[in-house]
Amino acid sequence: MTHVKVINPNTALAMTDSIGRCARAVASPSTVVTAVSPSMGPESIESHYDEALAVPGVLAEIAAGERDGVDGYVIACFGDPGLDAARELATGPVIGIAEAAMHAATLVGRSFSVVTTLSRTVGTAWDLARRYGFAAACRGVHACDIPVLDLEDPAARKEVTELCVTAVERDGCDSLVLGCAGMAEFAAEVSRETGVPVIDGVTVATKLVESLVALGLRTSKRGEYARPGAKRYTGLLRDFTI
Ligand code: 2AL
């Protein structure tokens, strides 16, 4: 039995349920998926401020997962908040949905475009493409300007789908990456409408974590991802003392 903990870094529990459904839909019968939100943090992540303040809650969930014997983790927010720090704490693999989606996109085509939520997140999506080495493959990043928590509205799904169709026509990209975990349930419909592979990072990251665990591959503890050195943390962060 493999235990994969999928962390939705925001505190919107309806979104956590949706993320959990998507992860369970692709997980092997022998995998247990636990989908959680941190006990502290922003209800949605759509700015650098939100992202920075989501990270302590994510790290607390990783620390709890290590105590519970979790085999691997998915960070289910497109900014991949706290990914490197999470790897320092975790024994097993930790995969962010943006890195998972971009890797998958370049395995099924030579180019992809990203459809994200607010315009202010466009720069972050480009930063991620550069960080993961996919800037040349990324043809465009398009914002629907729908806030994360409004994606549940059926009208939002229609708008996102229409933007995806436009993005494929305008960019000539081979595939599409959904730039928010709140869009995970849109993938099949968007793929039907656009005719290209549509990649939701939640499902890809879940399968990647499962595969890495099955292969016996864990986070390297030799260098940069070694456990952080012990030191005192003060004030609101005192519980993060290692
Ligand atoms: C996200 C996401 O995946 N979760 C969240 O709260 N915000 N991404 C985004 N582009 O807004």
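Residues numbered from 1 in each chain as written. Predicted model: local features only at pLDDT ≥ 70, side-chain atom pairs only at ≥ 80, totals over all residues. Heavy atoms only, no water.

J.: I'd like a rundown of the domain arrangement of the chain, residues and numbers included.
T.: Its domain assignment divides the chain into domain 1 (2–96 + 203–240) and domain 2 (98–200). Its C-alpha centre places domain 1 at a distance of 22 Å from the equivalent point of domain 2. Contacts between the two partners involve 30 residues from domain 1, matched on the other side by 28 residues from domain 2. Of the roughly 2,000 Å² buried between domain 1 and domain 2, counting both surfaces, carbon and sulfur atoms make up 59%. Of all residues in domain 1, Met-15, Glu-46 and Phe-78 bury the most surface against domain 2, accounting for 36% of the area lost on that side. Inspection of the domain 1/domain 2 interface yields three salt bridges. We note a salt bridge from Asp-84 to Arg-131, for which the minimum N-O separation is 3.1 Å. For the pair domain 1 and domain 2, the interface holds 13 residue pairs in polar contact (both at pLDDT 80 or more). When contributions to the side of domain 1 that touches domain 2 are tallied by element, the ones reaching two or more residues are helix H1 (13–26), helix H2 (48–68), helix H3 (83–89), strand E4 (94–96) and helix H8 (201–214). With six residues, the top contributor of residues to the side of domain 1 that touches domain 2 is H1. Counted by class, the side of domain 1 that touches domain 2 contains 15 nonpolar, eight polar and seven charged residues. (Domains from an automatic or database assignment. Contact = heavy atoms within 4.5 Å. Buried area = accessible area lost by both parts, 1.4 Å probe. Salt bridge = Lys/Arg side-chain N within 4 Å of Asp/Glu carboxyl O. Polar contact = N/O pair within 3.5 Å; in protein donor to acceptor, adjacent residues only side chain to side chain. Helix = DSSP H or I, 4+ residues; strand = E, 2+ residues; numbered from the N terminus. Nonpolar A, V, L, I, M, F, W, Y, C, P; charged D, E, K, R; others polar.)

J.: Summarise unusual backbone geometry; cite the residues concerned and give the values.
T.: Phi is positive for Asp-80, close to 50°, though the residue is something other than glycine. Within the secondary structure layout, Asp-80 lies in the loop between strand E3 (72–75) and H3. We classify Asp-80 as buried; its relative accessible area is 4%. Even without being a glycine, Asp-145 presents a positive backbone phi close to 60°. On the secondary structure map, Asp-145 appears in the loop between strand E6 (138–143) and helix H6 (154–171). (Buried < 20%, exposed > 50% of the residue type's maximum accessible area, 1.4 Å probe, protein only.)

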